[in-house]
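Geometric and topological summary
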Amino acid sequence: MAWYRPQSLPEALELLERRRPRIVCGGTDLFVNAPRKEYEAGKTDWLEVRGLPELRRISRQAEGLEIGAAVTAAEIWESRELRMVPALQQAARIVGGWQIQNRASIGGNVANASPAADMLVPLVAYRAEVRLASASGSRSVPIADFVEGPKRTQLRPGEMIVSLFIPARMLGVPQIFLRHDQRAATDISIVSVALILQGNARQVEWGTAAVGAAAPKPFTLSDEEERLWAGKLDADKLRRLGELYAQRSSPITDVRAGAQYRRSLVGTYVVRAGQALLSNLEQTEGEAWR
Ligand SMILES: Cc1cc2nc3c(=O)[nH]c(=O)nc-3n(C[C@H](O)[C@H](O)[C@H](O)COP(=O)(O)OP(=O)(O)OC[C@H]3O[C@@H](n4cnc5c(N)ncnc54)[C@H](O)[C@@H]3O)c2cc1C
C-alpha cells in the first residue's frame with residue numbers, strides 16, 4: 001500500500017495515470033463504507049487530494065462561480081464569497097456534525113453519489129457543471145448526467161473532479177435548502193429540497209427545484225420546469241407543483257422511512273420551501289418600502 005500526497009494537480013494526475021490509486025479527500029465516506037478487508041490486505045494505493053491548491057480555490061468569474069472539489073462543508077457555509085449561493089451553504093451546514101463538516105468535501109459528496117447526499121441537491125438545482133481532469137486533458141459534464149445513480153458516476157479511470165461550476169444566473173437569486181431527517185444533526189436525509197425562485201412574491205419569473213433522497217439520484221422536473229413556476233404563486237399552485245415533484249419521485253423503503261411516506265414528504269417539502277421563500281421575499285420587499 002502507498003499513500004501519495006502530491007503537491008500540485010499535474011503531479012496528482014500523473015500519479016493517477018501511472019499508479020491508478022484510489023482518490024481520497026476527507027475520507028468521511030470512504031473510510032466508513034469501504035470494506036475493511038481492502039485496508040487489511042493493504043491492496044489499495046491512495047491519492048490524497050485535499051491539499052491540492054487547484055482543488056482548494058473558490059473563484060468568481062463573469063460566467064459563474066467555481067468551487068474547488070476539496071473545499072469542505074465547513075468552508076462552504078463559513079465563506080462570505082458563497083453567500084450568493086445560500087441553498088448550498090444551508091446544505092453544507094447540515095452535513096453530519098461539525099467534525100464531519102471539517103473534512104467532508106464538496107467533490108467527495110458529488111463523487112460518492114449517494115441518493116441522500118445533501119450538497120449534491122442544490123448543485124443539481126443550479127445545473128452545475130462537474131469539471132474533470134486527467135493526464136490527457138479536461139472536460140465538463142452537467143451534474144445531472146455525471147451522477148448516474150447510487151454510487152455510480154461518469155468518472156473515468158485516471159480522472160478526478162477538480163471543481164464544481166455554478167452558472168452566474170443562479171447566483172444571488174432567492175433560494176433555500178430544506179431537509180427532513182429524524183434527528184436534525186448527524187443524520188441522513190429522508191427527503192431534501194433545494195428551491196430557487198427568481199422574481200418577487202407577486203410575480204415569479206422562473207423557478208427550479210431539485211429533490212434529494214427520493215429517487216436513485218437527485219432530480220428536477222423536465223426542461224419545462226422553469227416555466228411551471230412562473231406567474232403568481234398562490235397556495236393552490238404551490239400545492240399542485242408539490243404534487244408534480246411527488247409524482248416524479250421514485251422513493252424506496254428503508255430503515256429511515258417508507259416509500260409512500262417519502263413520496264408525500266416530497267410534496268410537503270416543495271410546498272414548505274416555496275412558502276418559506278415567498279415569506280422571505282415579502283419581508284425583504286416590506287423592508288425595502290419602509
Ligand atoms: C457520521 C457521518 C455523517 C454524515 N452525514 C452526512 C450528511 O448529513 N449529508 C451528506 O451529504 N453526507 C453525509 N456524510 C457523508 C460524507 O461526509 C459526505 O458525502 C462528504 O461530502 C464526502 O466527502 P469526503 O471528502 O469525505 O469524501 P471521501 O470519503 O474522501 O471520498 C468519497 C468518494 O469520492 C471520491 N472522491 C473524493 N474526492 C474526489 C475528487 N476530487 N475526484 C474524484 N473522486 C473523488 C473518493 O474516491 C470516494 O469514492 C456523513 C458521513 C459520516 C461519516
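Residues numbered from 1 in each chain as written. Predicted model: local features only at pLDDT ≥ 70, side-chain atom pairs only at ≥ 80, totals over all residues. Heavy atoms only, no water.

**Overview of the sheet that holds strand 11 (residues 175-180)**
Here 3 strands make up an open sheet; going across it, the order is 11-12-13 and the pairing antiparallel. Edge positions in the open sheet fall to strand 11 and strand 13 (204-212), since each of these has one partner strand only. The mean angle between the axes of side-by-side strands here comes to 15°, regardless of whether they run parallel or antiparallel. Where strand 12 (residues 191-199) lies against strand 13, 8 bridges are found, and the strand directions are antiparallel. (Pairing = 2+ DSSP bridges. Helix = DSSP H or I, 4+ residues; strand = E, 2+ residues; numbered from the N terminus. Axes fitted to C-alpha atoms, helices over the stretch in contact; angles between N-to-C directions.)

**Section: a nonpolar patch on the surface**
Taken together, the side chains of Met1, Trp3 and Phe31 present a nonpolar region at the surface, about 330 Å² in accessible area. Locating Met1 in the fold gives a position in the segment before strand 1 (3-4). Judged by its relative accessible area of 61%, Met1 falls in the exposed class. (Patch = residues over 30% accessible without salt bridge, like charges linked within 9 Å, V, L, I, M, F, W, Y side chains within 5 Å. Areas by Shrake-Rupley, 256 points an atom, 1.4 Å probe, with all protein chains shown as cover. Salt bridge = Lys/Arg side-chain N within 4 Å of Asp/Glu carboxyl O. Buried < 20%, exposed > 50% of the residue type's maximum accessible area, 1.4 Å probe, protein only.)

**Here we look at the pattern of salt bridges**
Enumeration over the complete set of coordinates arrives at 18 salt bridges. With a shortest N-O distance of 2.9 Å, Arg127 and Glu225 are connected by a salt bridge. A residue pair is termed long-range when its members are at least 10 positions apart, and Arg127 in the loop between helix 8 (120-125) and strand 6 (129-134) and Glu225 in helix 10 (residues 225-229) qualify at 98 residues. By relative accessible area, Arg127 is classed as partly exposed at 34%. When its relative accessible area of 0% is taken as the criterion, Glu225 is described as buried. For Arg139, the salt bridge goes to Glu159, with nearest N and O atoms at 2.7 Å. Residue Arg139 is located in strand 7 (residues 137-142), and its partner Glu159 is located in strand 10 (residues 159-167); the two are separated by 20 residues in the primary sequence. Glu159 sits in the buried class, given a relative accessible area of 6%. Via salt bridges that share partners, Asp236, Arg239, Arg240 and Glu243 belong to a single interconnected network.

**What about the site of the ligand?**
The immediate surroundings of the ligand are formed by 31 residues, with Ile23, Thr28, Asp29, Ser105 and Asp118 found nearest. At 2.9 Å from an oxygen atom of the ligand is found a main-chain nitrogen or oxygen belonging to Gly96. Within the side chain of Asp118, an N or O atom sits 2.7 Å from a nitrogen atom of the ligand. The protein chains hide 89% of the 990 Å² of surface that the ligand would expose on its own. Per element, the largest residue contribution to the shell around the ligand is 4 residues, and it comes from helix 7 (residues 106-112). (Near = heavy atom within 4 Å. Polar contact = N/O pair within 3.5 Å; in protein donor to acceptor, adjacent residues only side chain to side chain.)

**Considering the packing of aromatic side chains**
For the structure on display, the rule yields 4 aromatic pairs. When the centroid spacing of 6.4 Å and the interplanar angle of 35° are considered together, the rings of Trp3 and Phe31 count as tilted. Here Phe31 lies in helix 2 (residues 30-33) and Trp3 lies in strand 1, a separation of 28 residues in the sequence. Pairing Trp229 with Tyr245 gives two aromatic rings, centres 6.2 Å apart and planes at 50°, and the pair type is tilted. You can see Trp229 sitting in helix 10 and its partner Tyr245 sitting in helix 11 (residues 235-248), a full 16 residues away along the chain. Residue Tyr245 is classed as buried on the basis of its relative accessible area, which comes to 0%. The ring centre of Trp77 lies 3.7 Å from the NZ or CZ of Arg93, which sits over that ring. (Phe/Tyr/Trp six-rings, centres within 6.5 Å; stacked < 30°, edge-to-face > 60°. Lys NZ or Arg CZ within 6 Å of the ring centre and 35° of its normal.)

**Some thoughts on the environment of Leu47**
Looking at the element boundaries, Leu47 is found in strand 3 (residues 46-48). Put simply, Leu47 and Leu13 are 34 residues apart on the chain and 9.8 Å apart in space, counted from C-alpha to C-alpha.

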